[in-house]
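# Descriptive analysis of the structure
Each chain, written out:
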Amino acid sequence: MFSYYSAVIFIALFSMSIMIVVVQENDIMPERKKHGFVLTFSLVLVVAIAEWIGVCLDGAAHLQLLHIAAKVI
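No experiment lies behind these values; they were computed from the predicted model shown. The numbers attached to residues start from 1 for each chain and follow its sequence in the written order. Owing to the predicted nature of the model, reporting of local features is limited to residues with pLDDT of at least 70; listing and counting of side-chain atom pairs is limited to 80 or more, with chain, interface and lining totals taken over all residues. As a rule here, side-chain values cover all heavy atoms of the structure and leave hydrogens and water aside.

## Remarks on the overall build of the chain
Spelled out, the test is: What counts as a helix is a DSSP run of H or I of at least four residues, what counts as a strand is a run of E of at least two, and both are numbered from the N terminus. Just to be clear, the radius of gyration here is over C-alpha atoms, and the globule rule we use is 2.2 Å times residues to the power 0.38. In what follows, residue pairs with any heavy atoms lying within 4.5 Å of each other are defined as contacts.
The secondary structure content of the chain amounts to three helices and zero strands. On C-alpha atoms alone, the chain measures out to a radius of gyration of 15 Å, which is more than a quarter above the 11 Å that the 2.2 N^0.38 rule sets for 73 residues. Taken along the three principal axes of its C-alpha coordinates, the chain extends 50 × 25 × 10 Å. A fraction of 44% describes how many contacts in the chain between residues 6 or more apart in sequence connect residues 24 or more apart.

## Considering the pattern of salt bridges
Pairing between side chains becomes possible if they bear opposite charge and their charged atoms approach one another. Note the cut-off: Take a side-chain nitrogen of Lys or Arg and a carboxyl oxygen of Asp or Glu: if they are within 4 Å of each other, that pair is a salt bridge. Buried, partly exposed and exposed residues are distinguished by accessible area as a fraction of the type maximum, computed with a 1.4 Å probe on protein chains only: under 20%, between the cut-offs, and over 50%, respectively.
Enumeration according to the criterion identifies one salt bridge in this entry. Two residues, Lys34 and Glu31, come together in a salt bridge whose shortest N-O distance is 3.5 Å. On the criterion of helical spacing, the pair formed by Lys34 and Glu31 is a turn pair, its members being three residues apart in helix 2 (residues 31-56). Accessibility expressed as a relative area gives 6% for Lys34, which makes it buried.

On their own, these measurements won't tell you what the molecule is for.
So this is what it looks like as structure tokens:
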């Protein structure tokens, strides 16, 4: 189950990264909307990575503080 979850997370991260590049290269879109889009997608990337780290650390007693920090993010 964890391998499928990891695959879904990494595919989502990869596709969002591609969308960030596509938006940055778009000449039609205003700069303010580009900045907002990139900021939003970057935050989603960070949250998805933190969620994946939190799932990886689930059940690790000696890393409980790191697990809580990842879940808070």
